[in-house]
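The residues making up each chain are set out below.
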Amino acid sequence: MTVRIGLIGCGVMGTDHAMIIGQQLHGAELAMVCDADAGRARVAAEQAGCARIEGDPLAVINAPSVDAVLIASPDQTHGPLTLACLAAGKPVLCEKPLSQAASECEAIVESEVKRGKRLVQVGFMRRFDPSYVEMRQAVLAGTIGRPLMLHCFHRNVAAPDWFTGQMAITNSAPHEFDIARFLLGGELVAVTAFQPALRREKGGVAPVFMVCETAAGQLVNIEINNNAGYGYDVRGEIVGERGAVSMAAPAGSTLDLHLSHSVAYAADWRPRFAEAYRRQNQAWVNGIASGTSAGSSAWDGLCATLVAEAAVQSLQTGQRTPIRIPVRPGLYDHS
Ligand code: ISE
């Protein structure tokens, strides 16, 4: 079976997904590409060998020639388009976040529970990153003892002008909210968010620093710095009762020159997590072909957005803010 994919959104991530589908996946093809900008759609389509371009996302979702949908359009469209995929009975890989509004995530979960089958995978691709997978395996094996703390750094080189401090939490940090749940195997139940008092000389969003508490009493600190300036740098370390396990970022080479030894940073997340995206997308296609599901579910998407909403509230109030995670429906017990 070749899964015929309809791609919605041909910006930075959509174009990358088009390349992955067209050049790296087995058992899938790009059947249709949609973007409000026909020129962007054409570029994405050509690099994936796709002939059909469409301007209406609902036409893609409901096309008989499309078996599954990948949503890579702007964040605010994710919820409504995912609901439209469910209405059409189509499997969907929705880029993170599932929605910036928990209410929309709840509607998606409710729709899936009524259907009684998972159709939604959320694009938290770090669960497929080989380094994070090894860290999770160390926790499951008890290698470092009971995990006590998780340290997360998430630094981008520079954020676009339209990027806000709140987006550091609602757009970037959901990766950490989801990977913390994946690595520690539990829920985040409270968050306190801070920003440095020192503002940047030349504008740009200041870092956000969060301390999350888990239901098991562990601590997770998360630094989101969208204007780090020096490189794309994501780090993670789990500290256990007997040891610690840290992320080892992939490096193609090291440079020895002028009395120094160095490793280059990626310019952004796409090269840093290229293998994770490939594995995520291949797992999605394999799941469709076999009638199973993979990766982060709509429930995981809801939980990440609930943490984000609480963190935004904490940043505004300066208070420790509880995260009210509802009871998980049975549909997601083994997701
Ligand atoms: C972007 O949407 C991503 O998903 C990247 O992984 C993250 O590093 C970046 O901050 C987000 O804006």
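Notes on the structure follow. What you see is a predicted model, and the numbers here were worked out from it, not measured in a lab.

1. Details of the sheet that holds strand E3 (residues 53-54)
At step 1: Within the open sheet, the six strands sit side by side as E3-E2-E1-E4-E5-E6. Their pairing is parallel. The sheet is open, and its two borders are formed by E3 and strand E6 (120-122), each paired with just one other strand.

2. Concerning the site of the ligand
At step 1: The environment of the ligand is made up of Lys-96, His-154, Asn-156, Phe-163, Asn-171, Ser-172, His-175, Asn-226, Tyr-232 and Trp-269.
At step 2: Contact between the ligand and Asn-171: an oxygen atom at 2.6 Å from a side-chain N or O atom of the residue.
At step 3: Tyr-232 places a side-chain nitrogen or oxygen 2.7 Å from an oxygen atom of the ligand.
At step 4: Cavity membership is defined here by more than half of the atoms lying within 2 Å of grid points; on that basis the ligand lies in the largest pocket.
At step 5: A breakdown of the residues in the shell around the ligand according to their chemical character gives three nonpolar, six polar and one charged.

3. Overview of the packing of helix H1 (residues 12-23) against helix H2 (residues 38-48)
At step 1: Running from amino to carboxyl end, H1 crosses H2 at an angle of 20 degrees, the nearest separation of the two axes being 8 Å. Our classification of the angle between H1 and H2 gives roughly parallel. As for how H1 packs across H2, the hand of that crossing is right-handed. Contacts between H1 and H2 pair Thr-15, Ala-18, Met-19, Gly-22 and Gln-23 from the former with Ala-44, Gln-47 and Ala-48 from the latter.
At step 2: In the contact of H1 with H2, the residues fall into four nonpolar, four polar and no charged.

4. Here we look at the sheet that holds strand E15 (residues 321-322)
At step 1: Overall, mixed pairing links the seven strands, which are arranged E12-E11-E7-E10-E9-E8-E15 in an open sheet. Here the strands that pair on one side only, and so sit at the sheet edges, are strand E12 (244-246) and E15.
At step 2: In this sheet, E15 lies alongside strand E8 (residues 188-194) in antiparallel orientation, the contact comprising two bridges. Following the sheet pairing, Val-191 is matched in E15 by Thr-321.

5. What to know about helix H6 (residues 130-141)
At step 1: Its 12 residues give H6 an end-to-end C-alpha distance of 16 Å, which sits within 8% of 16 Å, the value for a rise of 1.5 Å per residue.
At step 2: Its buried side turned inward, H6 meets strand E7 (147-155), helix H8 (174-184), strand E11 (233-240) and E12.
At step 3: Count one or two residues on from H6 and you reach Gly-142, which has phi positive near 75 degrees.

6. Describing the packing of H1 against helix H10 (residues 274-290)
At step 1: One way to put it is that H1 packs onto H10 with a least axis distance of 11 Å and a crossing angle of 65 degrees. Between H1 and H10, the crossing angle belongs to the class labelled roughly perpendicular. As H1 packs across H10, the resulting crossing turns out to be right-handed. For the pair H1 and H10, the contacting residues are Met-13, His-17 and Ile-20 in the first and Tyr-277, Arg-278, Gln-280 and Asn-281 in the second.
At step 2: Of the residues that constitute the contact of H1 with H10, the class distribution is three nonpolar, three polar and one charged.

7. A short note on the packing of aromatic side chains
At step 1: Inspection of the entire model under this criterion finds four aromatic pairs.
At step 2: The interplanar angle of 25 degrees and the centroid separation of 6.4 Å between the aromatic rings of Trp-299 and Tyr-332 together place this pair among those described as stacked. Note that Trp-299 is positioned in helix H11 (residues 298-317) and Tyr-332 in the segment after E15, a separation of 33 residues in sequence. For the pair Trp-299 and Tyr-332, a shared accessibility class is recorded, and that class is buried.
At step 3: One aromatic cluster is present, formed by Tyr-232, Trp-269 and Phe-273 through successive ring pairs.
At step 4: Positioned above the aromatic ring of Phe-153 is the side chain of Arg-155, whose terminal nitrogen or guanidinium carbon lies 4.5 Å from the ring centre.
At step 5: Directly above the ring of Phe-273 sits Arg-272, whose terminal nitrogen or CZ lies 4.3 Å from the centroid.

The rules behind each value
- Residues numbered from 1 in each chain as written.
- Predicted model: local features only at pLDDT ≥ 70, side-chain atom pairs only at ≥ 80, totals over all residues.
- Heavy atoms only, no water.
- Pairing = 2+ DSSP bridges.
- Helix = DSSP H or I, 4+ residues; strand = E, 2+ residues; numbered from the N terminus.
- Near = heavy atom within 4 Å.
- Polar contact = N/O pair within 3.5 Å; in protein donor to acceptor, adjacent residues only side chain to side chain.
- 1 Å grid on protein atoms, 1.4 Å probe; cavity = no way out; pocket = protein on both sides within 12 Å on 5 of 7 lines; lining within 4 Å.
- Sits in = over half its atoms within 2 Å of the grid points.
- Nonpolar A, V, L, I, M, F, W, Y, C, P; charged D, E, K, R; others polar.
- Axes fitted to C-alpha atoms, helices over the stretch in contact; angles between N-to-C directions.
- Parallel < 35°, antiparallel > 145°, perpendicular 65-115°, else oblique.
- Left-handed = near helix turned anticlockwise from the far one by under 90°.
- Contact = heavy atoms within 4.5 Å.
- Expected span 1.5 Å × (residues − 1).
- Phe/Tyr/Trp six-rings, centres within 6.5 Å; stacked < 30°, edge-to-face > 60°.
- Buried < 20%, exposed > 50% of the residue type's maximum accessible area, 1.4 Å probe, protein only.
- Lys NZ or Arg CZ within 6 Å of the ring centre and 35° of its normal.

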